[in-house]
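# Understanding the architecture of this molecule
Chain residues, written in single-letter form:
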Amino acid sequence: YAFEYLIETLNDSSRKKFFNVARLGGTKYDVLPYSIRVLLEAAVRNCDGFLMKKEDVMNILDWKTKQSNVEVPFFPARVLLQDFTGIPAMVDFAAMREAVKILGGDPRKVHPARPTDLTVDHSLQIDFSKCAIQNAPNPGGGDLQKAGKLSPLRAQPKKLPCRGQTTCRGPCESGEPGRNSGRFSSQIENTPILCPFHLQPVPEPETVLKNQEVEFGRNRERLQFFKWSSRVFKNVAVIPPGTGTAHQVNVEYLSRAVFEEDDLLFPDSVVGTDSHITMVNGLGILGWGVGGIETEAVMLGLPVSLTLPEVVGCELLGSSNPFVTSIDVVLGITKHLRQVGVAGKFVEFFGSGVSQLSIVDRTTIANMCPEYGAILSFFPVDNVTLRHLEHTGFDKAKLESMETYLKAVKLFRHDQDSSGEPAYSQVIRIHLNSIVASVSGPKRPQDRVAVTDMKRDFQACLNEKVGFKGFQIAAEKQKDNVSIRYEGSEYTLSHGSVVMAAVTSCTNNCNPSVMLAAGLLAKKAVDAGLQVKPYIRTSLSPGSGMVTHYLSSSGVLPYLSKLGFEVVGYGCSTCVGNTAPLSEAVLSAVKQGDLVTCGVLSGNKNFEGRLCDCVRANYLASPPLVVAYAIAGTVNIDFQREPLGTDATGKSIYLQDIWPTREEVQQTEEERVTPSMFKALKEKMEMGNKRWNSLEAPDSVLFPWDLKSTYIRCPSFFDKLTKEPGALQPIENAHVLLFLGDAVTTDHISPAGSIARSSAAAKYLTNRGLTPREFNSYGARRGNDAVMTRGTFANIKLFNKFLGKPAPKTIHFPSGQTLDVFEAAELYQKEGVPLIILAGKKYGSGNSRDWAAKGPYLLGVKAVLAESYEKIHKDHLIGIGIAPLQFLPGENADSLGLTGRETYSLAFPEELSPGVTLTMKTSTGKVFSVIASFDNDVEVALYKHGGLLNFVARKFS
């Protein structure tokens, strides 16, 4: 260690040691933001003079003068993968073993150097829900017959004897309040549900078992590959389906706050293949989402490289009013930070208002960090953090050593020490009492709407031209109604009608206060005689079994179920398009009336068409508001003046009549969210589950690829790999594959939802003997490069300027044919024509998704020319070998008179450097300058190697 002299023992009686980085810089260290202190500690601990140089350490220490001007490496303590983006990472590892062997290396050396956890949480699809319990599985999914018989865990409903409660009138069988529904099966492992009336163990709802059974059958190949990975690769642990979402499992189970390896203490930190890794920032853990390509580098012992960031101090003042949930605080802060502009920066929270926020509030706020563009949002460890960790089962000795260590290195935030706040790059102030209840939508998470303005805003959206908010519905058609008949009753749909309401498994479910508020609101609604119309697709997909536990033990779960919000399983579902289709009656009505119907969900993404093609308006809302809008049946309502419905006596019931008070919620939370719940769930997670434990998988050094598999395929990234990289080749006479506008998301580039029957991917799967019921989703097939390449730019909402309308198609030049994007790219490749993409601002925004770079690469795209990029996606482009080019400030395709029909040529200098200006020439004679958007020498080196995968593979050969 270059800084070995900084190592100290924790105390006289302890063997634990640590690097006392506070001694390094004196007053320089004392004014560093807490998040930068974590970067500094990691730099000191990993300084080897090669990957981490002493100069890098001093640059971080001199953060105040070096911010935004230098690149620094960062070695995270661990890695977190989720299955959608984790499977291509593990497939790449498996393929890399093959490549290393071919080049003469030892494939057994290829394994993660850092602890890596992979959660299988994105494969859940809602094939069964309360209103569709007898339905066949989702047509986009697998075949139940091929999945085998229904779960061996199923058993006949068993009547449970009471334990002598005076209120008991007979055997207990969980179901609707006061009734025996009989729709329950034997309990699965990860959900210790309690009967809300007798607090006895009761069976799991049949919907969970059915959905989990289909999930295991549908994804058997993927699961077997994951199990092989956990056996063959060191430091890989797989958390099986049915456990919970990656970011929530990370918070509840995987997070350590302080790491300990060989008696050396250091701060916990993590990167992973999900943009919402930032959730752990609420626990004082440095972490953020990166692409699968960068994650693989970390897994192989390489650092993440980042520009030493500016740190925006966000001072929270005061406390929020009783009717505002933490989700309202999240959305309020999100909008404020977007307006200020924090893209590519760290955000760190301080001030008196921070102590008013619980850990679950903080993690919810941190989870929305990607929506305002920051790299991370950091809440330093304080007394609130320690109380939470004690509450969740950390032993006292560990907490004491943790506190001692964090105070020694000055990583512990003191509530009253306002004079000792760091010197931030910029300080913004948010008064919590200024935040009002709100939702976000109808098309983007940053478009926040106060609930009090919802009716007026929705009417304005109907009037506005088609764009980020508008739908351009003619005035004479805005009052149109369409009658439907559903389950023997007549209903009316109109613009604003809610047809999908989901309390989904990300962002909010980790927060007991908002989930319990939804349950208490449901209880009051049911008691008042209110109902949800049966055609509305409702679902409750908790982030983990803990959520089901406290909803059940607090007595509110049956009331949520009564309103249709029945637990459907554990994993990402509606939020990523994994939901059962709407009824034919609703679909016909929407089409007949060209209706702008709505989805309301408690997630964090609401891009148009993401939930369902026919649901044009999507709103993000807190869980209690999701329930409220489902009861109302429309978003076109003023909750202050219009009732939700009437009770049995005909009395109007308003939202304020059933909204739970803060005191009610806090009392329920304190009584139900107990250390025993966390302890029991951790034990369940460590035990695994029966299906996973009994799943067979190979254990060979090289993965035995099945050439007939449509899920797992050895990718072609290494096909032309040589031991040494060649010279950079120019881009000559490239055609434009797509001419795109602003805010093209990774969803547009590489969809994660269901595979449309008319798509190129569907044709590929059909040719291999699959039926539409067996297609599954793009996310589930990310281990097959042939499917994912055909799915690239297959989003129906993709707006290509060549066509002038949304469609997953483009024009092949010079033939003039309009083709699927894949078909056009395939034709260009046969002709030997390189490709580029023209785009506007914020290209690649949204979730981190490495296939949004891998797909274009395999289509033959050599460069993207855009006005600006989302940083994570730009890193992906470089990591796969695509040049990220940028227009000069103030210029774009329109200002330069580019049509996209011309061809483009560009040469790279022998000594390519970060940010160098290059000359682009077109076939029309136009010449203009572009910027090579490389941020540092490492990115240039990776591009010269043809991407990160080639760079790493060569290290092993």
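Overview of the structure. What you see is a predicted model, and the numbers here were worked out from it, not measured in a lab.

### Topic: the packing of aromatic side chains
Within the structure shown, the criterion is met by 24 aromatic pairs. Ring geometry for W228 versus F233: centroids 5.4 Å apart, planes at 80 degrees, classification edge-to-face. The same class applies to W228 and to F233, which are both buried. Plain terms: the ring middles of F908 and Y943 are 5.6 Å apart, the flat faces sit at 55 degrees to each other, and that makes the pair tilted. Note that F908 is positioned in the loop between β34 (904-906) and β35 (917-922) and Y943 in helix α32 (residues 937-944), a separation of 35 residues in sequence. Relative accessible area serves as the criterion here: at 12%, F908 is assigned to the buried category. Classification of Y943 by relative accessible area gives buried; the value is 9%. A network of ring pairs unites the aromatic residues F93, F225, F226, W228, F233, F703 and W705 as a single cluster.

### Description of the side chain of N59
Checked against the element boundaries, N59 lands in helix α4 (residues 54-61). When its relative accessible area of 8% is taken as the criterion, N59 is described as buried.

### Quick look at the pairing of strand β7 (residues 258-261)
By the bridge criterion, four bridges tie β7 to strand β8 (residues 264-267) in an arrangement that is antiparallel. The residue bridging F259 from the neighbouring strand is F266, located in β8. Here β7 folds back onto β8, and the loop between the two strands holds two residues, one of which, D262, carries a positive phi near 50 degrees.

### With respect to the sheet that holds strand β9 (residues 269-272)
Spatially, five strands are ordered β6-β5-β4-β9-β10 in an open sheet, and the strand pairing comes out parallel. Whereas interior strands pair on both sides, the edge strands pair on one side only; in this sheet they are β6 (236-239) and β10 (286-289). Averaged over neighbouring strand pairs, the angle between their axes works out to 20 degrees when direction is ignored. By the bridge criterion, four bridges tie strand β4 (residues 78-82) to strand β5 (residues 116-119) in an arrangement that is parallel. The residue of β5 that forms the bridge with L80 is D117.

### Quick word on the environment of R256
Tracing the sequence through the fold places R256 in the loop between α10 (246-254) and β7. The class of R256 is partly exposed, set by a relative accessible area of 28%. The sequence separation of R256 and M402 amounts to 146 residues, and the corresponding C-alpha distance is 9.9 Å. Setting aside chain neighbours within four positions, we find R256 in contact with R78, D268, I285, F394 and M402. There is a polar contact of 2.9 Å between the side chain of R256 and the backbone oxygen of L254.

### What to know about the sheet that holds β7
As summarised here, the arrangement of the four strands in space is β1-β2-β8-β7, forming an open sheet in which the pairing is mixed. Strands with a single pairing partner mark the edges of an open sheet, and in this sheet they are β1 (7-9) and β7. On average, each strand axis in the sheet is inclined to that of its neighbour by 35 degrees, with strand direction left out of account. Packed onto the sheet, helix α3 (residues 34-45) meets β2 (17-19) and β8 and runs at close to 145 degrees relative to β8.

### Focus: the packing of helix α11 (residues 292-299) against helix α31 (residues 871-880)
Two numbers describe a pair of packed helices, the interaxial angle and the distance between the axes. Running from N to C, α11 and α31 cross one another at 70 degrees; their axes reach a closest spacing of 8 Å. As summarised for this structure, α11 and α31 are arranged roughly perpendicular, according to the angle between their axes. When α11 is examined against α31, the residues G292, I293 and E294 are found in contact with a partner set consisting of I872, D875, H876, G879 and I880. Residues that form the contact of α11 with α31 fall into these classes: three nonpolar, three polar and two charged.

### Side note on the nonpolar core
Grouped together as the largest cluster of nonpolar side chains are 192 residues, with contacts concentrated most on F225, W288, F346, L737, F793 and Y843. By residue number, the principal contributor to this core is helix α6 (residues 83-102), which donates nine residues. Setting aside chain neighbours within four positions, we find W288 in contact with F74, V270, V271, G272, I277, T278, V304, L306, F346, I375 and L376. Ranked by size, the runner-up nonpolar core spans 75 residues in total, among them V547, I631, A632 and W659.

### Things to note about the pattern of salt bridges
On inspection of all chains with the given rule, the structure shows 33 salt bridges. The partner of R485 in a salt bridge is E490, and the shortest N-O contact between them spans 3.0 Å. By the burial criterion, R485 is exposed, and E490 matches it. Note that K524 is salt-bridged to E664, the shortest N-O span being 3.1 Å. Taken together, the residues span a long stretch of sequence, with K524 in helix α17 (residues 512-527) and E664 in helix α23 (residues 662-672) at a distance of 140 residues. When salt bridges that share partners are traced, they join K763, K809, D820 and E823 into one network.

### Here we look at the environment of E71
As for its placement among the helices and strands, E71 is situated in strand β3 (residues 71-74). Relative accessible area serves as the criterion here: at 19%, E71 is assigned to the buried category. Taking the C-alpha atoms as reference, E71 lies 8.8 Å from N59; in sequence the two are 12 residues apart. A distance of 3.2 Å separates the side chain of E71 from the side chain of S305, its partner in a polar contact. For E71, the side chain forms a polar contact with the side chain of T307, separated by 2.3 Å.

### Describing the side chain of E939
Within the secondary structure layout, E939 lies in helix α32. Buried within the structure, E939 lacks any salt-bridge partner; K874 is the closest side chain of opposite charge, at an N-O distance of 4.2 Å. For E939, the contacting residues outside a window of four places in its chain are K874, D875, I878, S933 and F934.

### What about unusual backbone geometry?
The step from G441 to P442 runs through a cis peptide bond, and the omega angle for that step is 10 degrees. At the junction of F813 and P814, the peptide bond is cis and its omega measures out at 5 degrees in the coordinates. Structurally, P814 is set in the loop between β29 (809-812) and β30 (817-820). In this model, D594 sits at a positive phi of 45 degrees, which is unusual for a non-glycine residue. Considering the arrangement of structural elements, one finds D594 in the loop between α20 (584-593) and β22 (598-601). Residue class for D594 comes out partly exposed when judged on its relative accessible area of 47%. Within the chain, F793 stands out as a residue other than glycine whose phi angle is a positive 60 degrees. Mapped onto the secondary structure, F793 falls in the loop between α28 (785-791) and β27 (799-800). Judged by its relative accessible area of 1%, F793 is buried.

Rules used in this analysis
- Residues numbered from 1 in each chain as written.
- Predicted model: local features only at pLDDT ≥ 70, side-chain atom pairs only at ≥ 80, totals over all residues.
- Heavy atoms only, no water.
- Phe/Tyr/Trp six-rings, centres within 6.5 Å; stacked < 30°, edge-to-face > 60°.
- Buried < 20%, exposed > 50% of the residue type's maximum accessible area, 1.4 Å probe, protein only.
- Helix = DSSP H or I, 4+ residues; strand = E, 2+ residues; numbered from the N terminus.
- Pairing = 2+ DSSP bridges.
- Axes fitted to C-alpha atoms, helices over the stretch in contact; angles between N-to-C directions.
- Contact = heavy atoms within 4.5 Å.
- Polar contact = N/O pair within 3.5 Å; in protein donor to acceptor, adjacent residues only side chain to side chain.
- Parallel < 35°, antiparallel > 145°, perpendicular 65-115°, else oblique.
- Nonpolar A, V, L, I, M, F, W, Y, C, P; charged D, E, K, R; others polar.
- Core = buried A, V, L, I, M, F, W, Y, C linked by side-chain atoms within 4.5 Å.
- Salt bridge = Lys/Arg side-chain N within 4 Å of Asp/Glu carboxyl O.
- Lys, Arg positive; Asp, Glu negative; His and termini not counted.

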